[in-house]
Amino acid sequence: MARIPEEVQEFVKNKMAWVATASPDGVPNTTPKGTVQVIDDEHIVFADLFSLKTRDNLQKNPKVAVTVVDLEKYKGYQFKGSAQLLDSGPMFDQMVEQLKKAPMQLPHPKYVVIITVDSVFDQSVGPNAGQQIV
C-alpha cells in the first residue's frame, strides 16, 4: 500500500479521470470518471454509474489503474491498485449524497469503487514522465 503525497491528493480534486481495467483474459477497457476522489492517504474512490464493462472486469479482476490529468498544465498522476465494490455502507451513502449535489441529474450509483493504492506514477510532460513517485 502506498501513501498518496498531499500535493497529489490536492491535485485530484475536481478533475476528470480515466479508469483502466482488464477482463480476466486481458481485454482492456478504459472509461472516463468525473467522481474520482481521494478519501485518505491510501485510498481513492469513484462512483459506478454507467460502466457495465468496468464493473464486470473489477468483479473478476480487481487490478485497476486510474489516471488524472490537468490538460491545461500538462500535469497528471496515475494510481495503480486493487478495487473493492461496495453497494451499501457509509462510503456508499456519502457518495450518493454528493451525487445529488451534482450540476446535472445523475443516476443512483450501482456501486462505489474503493481502490487501495499500491503505487503512484508521474504522468506529467517532462523528464519525470512515467516515473514511480510512491
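Note that the structure is a prediction, hence the values are computed from the model and not measured.

Reading the values: the criteria
- Residues numbered from 1 in each chain as written.
- Predicted model: local features only at pLDDT ≥ 70, side-chain atom pairs only at ≥ 80, totals over all residues.
- Heavy atoms only, no water.
- Buried < 20%, exposed > 50% of the residue type's maximum accessible area, 1.4 Å probe, protein only.
- Helix = DSSP H or I, 4+ residues; strand = E, 2+ residues; numbered from the N terminus.
- Arc of directions from axis to C-beta.
- Salt bridge = Lys/Arg side-chain N within 4 Å of Asp/Glu carboxyl O.
- Phe/Tyr/Trp six-rings, centres within 6.5 Å; stacked < 30°, edge-to-face > 60°.
- Lys NZ or Arg CZ within 6 Å of the ring centre and 35° of its normal.

Novice: Hey, could you run me through helix H3 (residues 90-100) in this one?
Specialist: Since the α-helix turns once every 3.6 residues, residues separated by three or four places project in the same direction. Inspection of H3 places Met91, Phe92, Met95, Val96 and Leu99 among the buried residues, and these make up the whole buried set. One side of H3 carries all its buried residues, which in axial view fall inside an arc of 140 degrees. Across from the buried face of H3, at angles greater than 90 degrees, the exposed residues are Pro90 and Lys100.

Novice: For this particular structure, what's the right way to read unusual backbone geometry?
Specialist: Across residues other than glycine, the phi torsion is negative in most instances, and most of the peptide bonds are trans. Phi is positive for Asn14, close to 60 degrees, though the residue is something other than glycine. Looking at where Asn14 falls in the secondary structure, it is placed in the loop between helix H1 (6-12) and strand S1 (17-22). Residue classification places Asn14 among the exposed residues on the basis of a relative accessible area of 84%. If you check the backbone angles, Tyr74 has positive phi at about 55 degrees while not being a glycine. Position of Tyr74 relative to the elements: it lies in the loop between strand S5 (63-70) and strand S6 (75-86). Taking the relative accessible area as the measure of exposure, Tyr74 reaches 58% and is therefore exposed.

Novice: Help me understand the pattern of salt bridges in this model?
Specialist: Side-chain pairs of opposite charge can arise where the charged atoms are in close proximity. Tallying each qualifying case throughout the model produces 6 salt bridges. The residue Asp41 makes a salt bridge to Arg3 at a minimum N-O spacing of 3.1 Å. Remark: Arg3 occurs in the segment before H1 and Asp41 occurs in the loop between strand S3 (37-40) and strand S4 (43-48); sequence separation between them is 38 residues. Among the residues examined, Asp41 registers a relative accessible area of 29% and is labelled partly exposed. Notably, a salt bridge pairs Arg3 with Glu42, separated by 3.0 Å at the nearest N-O pair. Of this pair, Arg3 sits in the segment before H1 while Glu42 sits in the loop between S3 and S4, and the two are 39 residues apart along the sequence.

Novice: Could you clarify how one ought to interpret the packing of aromatic side chains in this entry?
Specialist: The description of two aromatic rings rests on the distance between their centres and on the angle between their planes. Tallying each qualifying case throughout the model produces 1 aromatic pair. For the cation-ring pair, Lys15 lies above Phe11, with the distance from its terminal atom to the ring centre recorded as 4.4 Å.

These figures capture arrangement, not role.
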